[in-house]
Amino acid sequence: MVRERLVPTLRESSLVFSARRVCLVLPFYVTFEEDKLHLSITFSCKHESYAFDLHYLCGHKIIWHMDLPVSFADRTRLLLGDEEYNKLADALNGEQPVSIRLNEEKLPDSSFSLFHTSSGRVLWSSTGFYLDRRLTFTFDPLFHAGCYYVQEASSMFVEQALKQYIGETPSVMLDLCAAPGGKSTHARSVLPAGSLLVANEVIRNRSQILAENLTKWGHPGVVVTNNDPADFADLEGFFDVILTDVPCSGEGMFRKDPAMVKAWEQNGPEFYAKLQREILEQALPMLKEGGMLLYSTCTFSPLEDEGSVQYLLSLDPSLKLVDMEGYSGFVKGNPAWIDSENKELEKCVRMFPHKLDGEGHFLALLQKGEKAAVKKVHFSQKRKGLKGEEKKLFEEFQTQMNRTFDSERLESKNGMIYYMPEKLPDMKGLRFLRSGLFMGEMKKKRFEPSQSLAMALKREDYKKRVEFSADDEEVFRYLKGETILLQPEQIVDEGKKPGGWYLVCVDGFPLGWGKAAGMTLKNKYHQGWRLL
């Protein structure tokens, strides 16, 4: 691309760009701040417009800033003013903070020292931590064991919204646009015991990633679907909580993913605002009276933020915005940015990367009417259970476990055994990637446990285990799907009956299954998850 080859130099009141066959002399916009000279230029090339912000630090070289669409730069400078815009531009070209969120069901807070790289906590998340550098997470066995999720810090604020208003009453929640799963795994950790999370993603390949991440997280009270929001129309007034982390123009992700700049040029705020409002129109009828709807985007665009919230409020007069706890660096919603006089929009929260350690984000929490006196329930609770040989084979496998499963929640679907959620509604017609905890499969008069079951267990739940340490080379051989030659000290067998199915653990956290014959462990790690 031309902009990667052009070399800038200062010449009087113009900035000269030169390349092998190109020389552009362009006027520039100048502002001063202490020892910095800020240069802003725009130009068009092949019918596309580009904007550059450069800083010339006295005595130092010119530092490139990310090229931003002209209309974005103009609009944002107008809204924020020159000083704030320049700070935002600095942040967008700075280093992205790295943050993770612990799975406290597996890795307690006290175990964070395993990382040795903490640079502080994420204030609005009880399990969120910043790292002082980006690790190679793919080669960390604890990542594959679901002990933590690599998540951008600003998006962790969903925890505060849920904790503040959900309380301890079991709830049914729908995450309507859930992939890749950061907010879903977080919500599942925050929801009270006995709750059900329905995580949906309309794009097929993204829904597969969503299902994998939720499986690794290990909570059984999750359903994963692959549907258009309109497909949920029969569940009117059913959900206690709906999260709509809607598709957006992604301005807050420009630093995290520079490809978002090109995507913004192809489909800007006007395109996404229309899509967002269609999603909200479909989501609102599914929300129970007294239920909470959390609207979020990763853009700065007022049209998609305050504008879409104002549109949502116009759909139902019983909807009201509710306050969310504020933290240093959080900014109130700004009704003036959409020419509105509705001061309630100030209850929205906007996060800018130059004001806190995180990417750009926007959230609004709304309540629909008042809490209903009687909850509307239409669960499909009756299960056939396991019978005959399937029951016998599963019970035989279960003798190796120190954990029991409610037999009335077990269900066989063509030999596939599922442990169904307590509060699963009648959701016929939807495309399920996961309708409950997949326990395993009946094969040739035997039960084979699933990867999902391994991720849902704790090490003490199973009597026969292979134990590796995180720095053991055998762990990586296991993650690659290789056969393992075991050492006696790696085997724990409380059942005193060698051979058969073993739960493979790393530092005490389950990774998957293996089947032992003598001292040889045949690898049963999920084929689609194996390292290359």
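The paragraphs below set out a description of the structure included in this document. (Residues numbered from 1 in each chain as written. Predicted model: local features only at pLDDT ≥ 70, side-chain atom pairs only at ≥ 80, totals over all residues. Heavy atoms only, no water.)

For the rest of this paragraph, the subject is the overall build of the chain. Secondary structure assignment for the chain yields 13 helices and 31 strands. Within the chain, the proportion of its 532 residues that are buried is 54%. Only carbon and sulfur atoms are counted for the fraction: they give 51% of the accessible area of the chain, which is about 24400 Å². (Helix = DSSP H or I, 4+ residues; strand = E, 2+ residues; numbered from the N terminus. Buried < 20%, exposed > 50% of the residue type's maximum accessible area, 1.4 Å probe, protein only. Areas by Shrake-Rupley, 256 points an atom, 1.4 Å probe, with all protein chains shown as cover.)

Glancing now at the nonpolar core. Counting residues in hydrophobic clusters, the biggest one holds 36 residues, and the most contacted among them are F232, F239 and V309. At the level of secondary structure, the elements contributing two or more residues to this core comprise strand 12 (172–175), strand 13 (196–200), strand 15 (239–245), helix 9 (269–283), strand 16 (287–297), helix 10 (306–315), strand 17 (319–321) and strand 20 (361–368). In this structure F239 touches V172, M173, L174, V198, M286, L287 and K288, once residues within four positions along its chain are discounted. With 29 residues, the next largest nonpolar core counts A145, C147, L486 and A516 among its residues. (Core = buried A, V, L, I, M, F, W, Y, C linked by side-chain atoms within 4.5 Å. Contact = heavy atoms within 4.5 Å.)

The next thing to look at is unusual backbone geometry. Cis peptide bonds are those with omega within 30 degrees of zero, and the linkage from A179 to P180 qualifies with 5 degrees. Considering the arrangement of structural elements, one finds P180 in the loop between strand 12 and helix 6 (182–190). Of note, the phi angle at K444 is positive, near 45 degrees, even though the residue is not glycine. Note on placement: K444 falls in the loop between strand 24 (437–442) and strand 25 (447–449). In this structure K444 comes out as exposed when scored by relative accessible area, which is 79%. Look at D507: it is not a glycine, yet its phi comes out positive at around 50 degrees. If you trace the backbone, D507 turns up in the loop between strand 29 (500–506) and strand 30 (509–517).

This part covers the packing of aromatic side chains. As enumerated under the stated definition, the model contains 23 aromatic pairs in all. The interplanar angle of 40 degrees and the centroid separation of 5.3 Å between the aromatic rings of Y418 and F438 together place this pair among those described as tilted. With Y418 in strand 22 (residues 416–419) and F438 in strand 24, this pair connects stretches of sequence that are 20 residues apart. What makes Y418 buried here is its relative accessible area of 16%. For F438, a relative accessible area of 21% translates into the label partly exposed. Through a chain of ring-to-ring contacts, the aromatic side chains of F394, F397, F447, Y462 and W513 assemble into a single cluster. Sitting over the ring of W529, K216 keeps its end group 5.0 Å from the ring centre. (Phe/Tyr/Trp six-rings, centres within 6.5 Å; stacked < 30°, edge-to-face > 60°. Lys NZ or Arg CZ within 6 Å of the ring centre and 35° of its normal.)

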